[in-house]
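# Structural characterization, general
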Amino acid sequence: MAVFTSVTLDDLSQWIKQFPLGKALALKGIASGIENSNFFLTTERGEFVLTIFENLDFEQLPFYVQLMRHLAERGVPVPAPVPNDRGELVVALHGKPATIVSKLDGSSQMDPQPVHCAEVGATLAKMHLAGQDFALRQPNLRGLDWWVETVPKVLPFLDADKAALLESELAFQRGFAAGPVYAKLTQGPVHADLFRNNVMFVGERLSGCFDFYFAGWDSWLFDIAVTVNDWCIDLESGRLDADRVLALTRAYHAVRPFTEAEAQAWQPMLRAAALRFWLSRLYDLHRPREAEMLTPHDPTHFERVLRERIAVPAPDLTA
């Protein structure tokens, strides 16, 4: 995504010999996003994506790359990590952990219609089911504990109205997470960032999901809420589009039926998903890191989404 660590073809000339990819022929930084350094990599064996991790360490990364391998082996359309000649999926580059994965076909669908949302819903359900027997466990590192830790860091930058909203929603989510309905929610590995720009389409067919580096162990419903809050809304107002919501949730339900607890938790979880991204965007804006190509996302968008989710009842999850 954003390029924090510069890499040249000369840097790769020796490093890439440990992978079964031949010589590196071209390298281009990817400007979107704000977490890691990502590059399109062309080699004698094809096209790939090289990622250098700026926040995650060597101890945390096996969860993400092994999850991608696990899902790919079970037919879920995700990038397949490329092992080196010692079978390692994460290797140091410029002193930082790095990985190479296959490049997906297609392009992002930034104006999704119900047919695209249905593809996303069905694929997300398949992803959840395929992850049920994944052996590694790691918490969602941008979950409730991170919210509690991060809210005080951004409050000094906010006016009274925004600060009050942030504090009140955090209090609501802490109470909800401690309650009986939340305790009944099915959990497992989640993508936790399945936005429009992290999914590829060839026509109306979903060809792949990528960028698993916010994945973790959380409720499946949170993953669905994150996805709906991006795929099924009017971007100007933050309002849910009922047709797209129903297309996504019905397609998911057809693969993995929702539980009664999930139906009860739907609106609180939509609020939680909006809070998570409002807070992370506030943090990225007010506590930025240096990068060669970095434009922080506007926090105002998810502030609008959160206010909408608080004020307006969500469509019935099991309609």
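Let me begin by describing the structure that accompanies this report. (Residues numbered from 1 in each chain as written. Predicted model: local features only at pLDDT ≥ 70, side-chain atom pairs only at ≥ 80, totals over all residues. Heavy atoms only, no water.)

Here we take up the overall build of the protein chain. Looking only at helices and strands, the protein chain features ten helices and nine strands. Compactness check: the protein chain gives a C-alpha radius of gyration of 20 Å against a globular reference of 20 Å for 319 residues, within 12% of the reference. Principal axes of the C-alpha set define a box for the protein chain whose edges measure 55 × 45 × 35 Å. Going through the 319 residues of the protein chain one by one, you find that 53% of them count as buried. Within the protein chain, contacts between residues at least 6 apart in sequence are counted, and of these 75% link residues at least 24 apart. Counting only carbon and sulfur atoms, one obtains 52% of the accessible surface of the protein chain, whose full area is about 13,700 Å². Across the protein chain, the centroid of the 30 positively charged side chains sits 1 Å from that of the 40 negatively charged ones. (Helix = DSSP H or I, 4+ residues; strand = E, 2+ residues; numbered from the N terminus. Rg over C-alpha atoms; globule rule 2.2 N^0.38 Å. Buried < 20%, exposed > 50% of the residue type's maximum accessible area, 1.4 Å probe, protein only. Contact = heavy atoms within 4.5 Å. Areas by Shrake-Rupley, 256 points an atom, 1.4 Å probe, with all protein chains shown as cover. Lys, Arg positive; Asp, Glu negative; His and termini not counted. Charge placed at Lys NZ, Arg CZ, Asp CG, Glu CD.)

Moving on: the state of the cysteines. Covalent bonding between the sulfur atoms of two cysteines is what defines a disulfide. As enumerated under the stated definition, the model contains zero disulfides in all. With no disulfide partner, C117 has as its closest neighbouring cysteine sulfur the one in C232, 4.0 Å distant. Free of any disulfide, C209 has its nearest neighbouring cysteine sulfur in C117, separated by 13 Å. On the accessibility criterion, C209 (0% relative accessible area) is buried. (Disulfide = S-S within 2.5 Å.)

Quick look at the sheet that holds strand β3 (residues 46-52) now. Overall, antiparallel pairing links the five strands, which are arranged β1-β2-β3-β5-β4 in an open sheet. The outermost strands of the open sheet, each flanked by one partner alone, are β1 (24-29) and β4 (91-93). For this sheet, the mean angle separating the axes of adjacent strands, direction not counted, is 35°. Note that strand β2 (residues 37-43) and β3 share seven bridges and pair antiparallel. Residue F40 lies in a different strand from β3, and its bridge partner there is V49. (Pairing = 2+ DSSP bridges. Axes fitted to C-alpha atoms, helices over the stretch in contact; angles between N-to-C directions.)

What follows concerns the pattern of salt bridges. Two side chains with opposite charge may pair up if their charged atoms get near one another. In total, this model carries 16 salt bridges according to the counting rule given. A salt bridge links E54 to K96, with the nearest nitrogen and oxygen atoms 2.7 Å apart. Note that E54 is positioned in the loop between β3 and α2 (61-73) and K96 in strand β5 (residues 96-102), a separation of 42 residues in sequence. The exposure class of E54 is buried, given its relative accessible area of 18%. The residue E88 makes a salt bridge to R86 at a minimum N-O spacing of 3.2 Å. (Salt bridge = Lys/Arg side-chain N within 4 Å of Asp/Glu carboxyl O.)

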